[in-house]
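# Descriptive analysis of the structure
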Amino acid sequence: MNVSLLLIILLAGALITYLSGDKLASKVALVFSLGAFGVSIALLNSLSLGEDINFVAPWINQPKIAFALAADGLSIAMLLLTTALTPIIIFSSFGTEFKNAKSIYSLILFMAFAMAGTFLAADGLLYYIFWELSLIPIYFIALIWGNGDAEDRKDAVIKFFIYTLAGSLFMLVAFIYLYQKAGSFMIEDLYALDLTLEEQTWIFGAFFLAYAIKIPLIPFHTWQAKVYQKAPAVGTMLLSGIMLKMGLYSVIRWQLPIAPNAAKEYMDILIGLGIAGVIYGSIVALRQKDLKKLLAYSSLAHVGLIAAGSYALNLDGLRGAVLQMIAHGFVVVGLFFVAEIIYRRYETRNIADMGGIRKQTPKFASLFLILVLASVALPTTFNFVGEFTVLYSLSQINIWYAVLGGTTIILGAYYMLKMYQHVMLGETNTKPFAEVNFNEGFALVIIVAVLFVFGIYPKPINDLITPSLEHILTVINR
Amino acid sequence: MSTLIAIIGLGILCLLLEIFDFRKAIIPISIIGLLAVLGLNISEFNSPEAYYNNMIIVSKFSTSFSALFIVLTIFLVALSHKFHENNQAHISDFIAIKLFLLAGAVAMVSFGNLAMFFLGIEVLSIALYVLASSDRKSIKSNEAGMKYFLMGSFASGIILFGICLIYGAMGTFDITEISELSYSAELPVWFPIGIILVFIGMLFKIAAVPFHFWAPDVYEGSPALTTALMSTLAKVVAIATLFKLLTAMNAEISAEFQTVIVIVSMASMTVGNIMALRQVNVKRMLAFSGVSHAGFMLMTLLITTNAAGTLLYYSSSYALAGIAAFSVILYVCYNKNNEDINNFHGLGKTNPLLAAILTGALLSMAGIPIFAGFFAKLFLFNQTIQAGYISLVIVAVINSIISIGYYFKLILAMYNKEPNEVRTATPFVIYAVAVIAIVLNIALGFFPSLVLDLLA
């Protein structure tokens, strides 16, 4: 089993989906995304058996660029997240009629391909190519199939595109600079570089621009809420569930080990930015009237905490960050799916127009409540494991970081439960709310099941990622 | 050398075919002939030789660039079929002029003597003046031709003056001898002055700031096919020639001169990009985008390792993207009297394939992976940082970001606006050219070593 197989399946899937026509596209895409998930599981198996699953081939001679894909526990964990969420996202869209369905499903698979490539690439330039490539499908998904006024949408999407591309171009310059030093883009060679603090600061800064915009961290978050609101449900799920994890993953994989001294030098500022995101996101979320925007700001708060955990530069911080990345991926996809389910019935995202849904559909209400509670890190859910580990790691550096970061749980509980109250509780709504159908229910149940299973027993994921994180930590502390 | 002769022979054959009234056969015969010439040219790749007392020097540099020019000419000749549909009577003129233009272009990259260089540039320029004003009933086209002619002949004069000064300083037109003499300690002051004058004249030809003022007006006024030719073929010819001139004559470019190049390069990118942001006419927009790309290509003059290969790669990717973009523009603006951006509204719905190709071409120009434009910029930036010009690269990166603004304006118009007309025509030639050009562009992206290592 070789990692390249995963990429081939996703890319071929994108092509065949496009050729299969509008009627079949969604089903073909689902089959291929499930196939990719199967391959990820098989890769996990191969990795645990100690087989060589990496793929390295020379590509360009001068400058020396290799087509190098490598997977360790961390990459496999991210691949599992990507390939598990992609079928869920595709499946969740079965109830939506898309114009030109073959294109959107093909773009979704293509995006999964690019994101999987980002998690696998072991050559800096190949990584950069996949990183940029993932931007194009989401741009078109949000632009063409998004909602709301076309002009508004255009402004939001182009802002997002220019922002993220601008950040990444500086990362490209940093990579080229590193290449001059190392004579290669391969990750081990870049890890082995001995850079002065000044060089590290510049490189760290260039990487930081790319990642802080993608994640997003304050003050680079201004594109986020609008795009989440305007993109179609699948686009929002892809963005929040997987794509922003690319930024967080890259921090751990590339930024910290390549420029560790700069990270240590500016640790307080970086953690501070993350925690500022937590507090800012939570407070802004409190005042949102649009359900998707509220979820967008809550997402901002959660990723702020994940970033703070990564920049804490200790094993618990990194581990908590990765666990929380996965947990947040599932929960945020579930929540955006709930927003979509409500939208399908009420055709509104305005919280004030909702309310009184629970009495009409108690099952849906329960699933939604579980997702809300998972999102605020209730014990026994996966998110609790992640957030608790991150907060613990922050407390080791400075207890106040943990206290301030902990507001994510308190404020989170406040705005999420308030939102739940306004959306679901109250007088029975005059508008009828059709019971969730099998497809919708199935997707939600899977997400909830994942959150519970790993909430109670996170050991498998923990064991999977810990060796890679320990390796990265030794590089950081070299 | 045989390439050059074959091209001229083909051009004459075109004129003869008209005399014998085989107008319909002109385009197919020209394309087949050009393909044969391409093969002939490639066969010369591994046998560098000098002809006629070093008048023409066939080298790897000249053959690989000539191959690019011939490929571009094939595309442009193929597009003529549709473009001159209503003017079949003069088809041989259009094709023959393009072939003579190609002859000038090949002479420009294979010169070994400044006289040959000037001859080449004049053959190319005169052909371009004629093509710019070839829509003789349109006042805009006439104005474009006149403007281009006046400005162009002024630039030619400056180049000629520069050549004279170089001759005065060195006593020879032969560039190998000039290059050898230029290492001697005592150089007359008019040698650098001559170089500067030639440099200025060539900056005019590649439309670099501050000699770019003609470009938008001429691009806008000329018939669309001529604009395509100017922005792809003519641009890469001029930049390749400038590159050859400076590297051949002035092997060690002095520090002051490097500063001048850095400034011109930065100014071209910045002015080109900022002006392009404001344009509503696609041809004008691409004219300014061409100004900024000229700035990027000027960076190759500063590179120390594999500069020629990088320039070849950059110009191939840029020209192929340009051909793909212009074939879509020809389709959309066929029989329209302007090329405003609102003609492109809703193209994503009415003609998804061509819209996708134009999107790909623009993404390549903007430098998004996996298109060749990305790798072109990557290699350029890599080599430029290696040569120690990191600030220039940062300016270039900022400009790449700005350029997204206008390239995406066109993409947005295609996908985010409702179509204002139905488009049913599906001209085969335009499809073929657009598809082949973009496929070549992507293939260059996947296998950059194919081109990049040619001149290493």
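Residues numbered from 1 in each chain as written. Chains lettered and ligands numbered in written order. Predicted model: local features only at pLDDT ≥ 70, side-chain atom pairs only at ≥ 80, totals over all residues.

If you tally the helices and strands in chain A, you get 21 helices and two strands. Computed over the C-alpha atoms, the radius of gyration of chain A is 21 Å, within 12% of the 23 Å expected from 2.2 N^0.38 for a compact globule of 478 residues. In terms of its C-alpha atoms, chain A occupies a principal-axis envelope of roughly 65 × 55 × 45 Å. Relative to its full complement of 478 residues, chain A shows a buried share of 60%. Considering only contacts within chain A whose residues lie at least 6 apart along the sequence, 82% involve residues at least 24 apart. (Helix = DSSP H or I, 4+ residues; strand = E, 2+ residues; numbered from the N terminus. Rg over C-alpha atoms; globule rule 2.2 N^0.38 Å. Buried ≥ 20, exposed ≤ 12 C-beta atoms within 10 Å, placed from the backbone. Contact = placed C-beta atoms within 7 Å.)

Next up on the list: the overall build of chain B. Looking only at helices and strands, chain B has 19 helices and two strands in total. In terms of overall dimensions, chain B is globule-like: its C-alpha atoms have a radius of gyration of 21 Å, near the 23 Å expected for 456 residues. Considered along the principal axes of its C-alpha atoms, chain B spans approximately 70 × 55 × 40 Å. In chain B, buried positions account for 58% of the 456 residues. A separation threshold of at least 6 residues defines the contact pool for chain B, and within that pool the share at least 24 residues apart is 79%.

Let us now look at the packing of helix α3 (residues 60-83) of chain B against helix α4 (residues 91-110) of chain B. All names here are of chain B. Put simply, α3 and α4 touch, their axes get as near as 9 Å, and they point 165° apart. The angle between α3 and α4 falls in the class roughly antiparallel. Crossing handedness for the pair α3 and α4: right-handed. Seen from α3, the contacting residues are F61, S62, F65, S66, F69, I70, T73, L76, V77 and S80; seen from α4, they are F94, I95, K98, L102, A105, V106, V109 and S110. Each residue belonging to the contact of α3 with α4 can be placed in one class, and the counts come to twelve nonpolar, five polar and one charged. (Axes fitted to C-alpha atoms, helices over the stretch in contact; angles between N-to-C directions. Parallel < 35°, antiparallel > 145°, perpendicular 65-115°, else oblique. Left-handed = near helix turned anticlockwise from the far one by under 90°. Nonpolar A, V, L, I, M, F, W, Y, C, P; charged D, E, K, R; others polar.)

With that settled, consider the packing of helix α3 (residues 73-92) of chain A against helix α20 (residues 438-456) of chain A. Residue and element names in this part refer to chain A. Between α3 and α20, the least distance of the axes is 9 Å, while the angle of their chain directions is 155°. Judged by the inter-axis angle, α3 sits roughly antiparallel to α20. Once α3 is placed against α20, the crossing between them reads as left-handed. Here I88, F91 and S92 of α3 lie close against α20, whose contacting residues are N439, A443, I446 and I447. Its residues assigned to classes, the contact of α3 with α20 shows five nonpolar, two polar and no charged.

Attention now moves to the interface of chain B and chain A. On the chain A side, the residues contacting the 25 residues of chain B number 24 residues. Elements with a minimum of two residues in the side of chain B that touches chain A: α16 (372-386), α17 (390-416) and α19 (449-452) of chain B. Broken down by element, the side of chain B that touches chain A gets its largest block of residues, eleven residues, from α17 of chain B. For the side of chain B that touches chain A, a count of residues per class yields 17 nonpolar, seven polar and one charged.

Here the focus is the pairing of strand β2 (residues 65-69) of chain A. Residue and element names in this part refer to chain A. Here strand β1 (residues 55-60) pairs with β2 via five bridges, running antiparallel. When the bridges of β2 are listed, F55 appears paired with L69. In this structure, the hairpin formed by β1 and β2 is closed by a connection of four residues. (Pairing = 2+ DSSP bridges.)

A few words on the environment of V328 of chain B. All names here are of chain B. If you trace the backbone, V328 turns up in helix α13 (residues 307-332). A C-alpha to C-alpha distance of 25 Å links V328 and A25, two positions 303 residues apart in sequence. Excluding residues that lie within four positions of it along the chain, V328 makes contacts with L354, I357, L358 and A434.

Looking at chain B, pLDDT values average 90 and 99% of them are 70 or higher. Per the prediction output, this complex has pTM 0.92; the corresponding ipTM is 0.89. (pLDDT = per-residue confidence, 0-100.)

For the rest of this paragraph, the subject is the nonpolar core. Within the largest apolar cluster, 384 residues are counted, with the highest numbers of intra-cluster contacts made by L10 and I108 of chain A. Ranked by the residues each element gives to this core, the list is headed by α13 of chain B, at 19 residues. L10 of chain A has contacts with F32, A36, L109, A112, F113 and A116 of chain A, leaving out every residue within four places of it along the chain. (Core = buried A, V, L, I, M, F, W, Y, C linked by C-beta atoms within 7 Å.)

Once that is clear, we can look at the environment of L69 of chain A. Residues and elements named next belong to chain A. Take L69: it is sitting in strand β2. Placed 51 residues apart in sequence, L69 and L120 show a C-alpha to C-alpha distance of 5.2 Å. Apart from the residues lying within four places of it in its own chain, the contact partners of L69 are V3, S4, N54, F55, L120, A121 and A122.

Bringing α17 of chain B into the picture now. Residues separated by three or four positions in an α-helix point in the same direction, a consequence of the helix having 3.6 residues per turn. Counted at 1.5 Å a residue, the expected span for α17 of chain B with its 27 residues is 39 Å, and the 38 Å between its end C-alpha atoms agrees. The sharpest bend along α17 of chain B measures roughly 30° and falls at F408 of chain B. (Expected span 1.5 Å × (residues − 1). Bend = angle between axes of the 7 residues up to and from the residue.)

All names here are of chain B. End to end, helix α15 (residues 352-366) covers 21 Å across 15 residues, agreeing with the expected 21 Å (1.5 Å per residue, within 8%). By the criterion of burial, α15 is predominantly enclosed, with twelve of the 15 residues buried. What α15 keeps buried is the set L354, A355, I357, L358, T359, G360, A361, L362, L363, S364, M365 and A366. With its phi angle positive at about 85°, G367 sits one or two positions after the end of α15.

Looking now at unusual backbone geometry. Note that the residue after I215 of chain A, namely P216 of chain A, is joined by a cis bond; omega there is -15°. Mapped onto the secondary structure, P216 of chain A falls in the loop between α9 (197-214) and α10 (224-230). Residues I218 of chain A and P219 of chain A are joined by a peptide bond in cis, for which omega reads 0°. Along the chain, P219 of chain A turns up in the loop between α9 and α10. For L313 of chain A, which is not glycine, the phi torsion reads 60° and is therefore positive. As for its placement among the helices and strands, L313 of chain A is situated in the loop between α14 (291-311) and α15 (315-346). Owing to 20 C-beta atoms within 10 Å, L313 of chain A belongs among the buried residues under this scheme. Phi is positive for D21 of chain B, which is not a glycine, with a value near 65°. Looking at where D21 of chain B falls in the secondary structure, it is placed in the loop between α1 (2-19) and α2 (23-43).

This brings us to the environment of E220 of chain B. Residues and elements named next belong to chain B. Along the chain, E220 turns up in helix α9 (residues 214-221). Taking the C-alpha atoms as reference, E220 lies 8.2 Å from K140; in sequence the two are 80 residues apart. Sequence-distant contacts of E220, defined by excluding residues within four places in its chain, comprise N281, K283 and R284.

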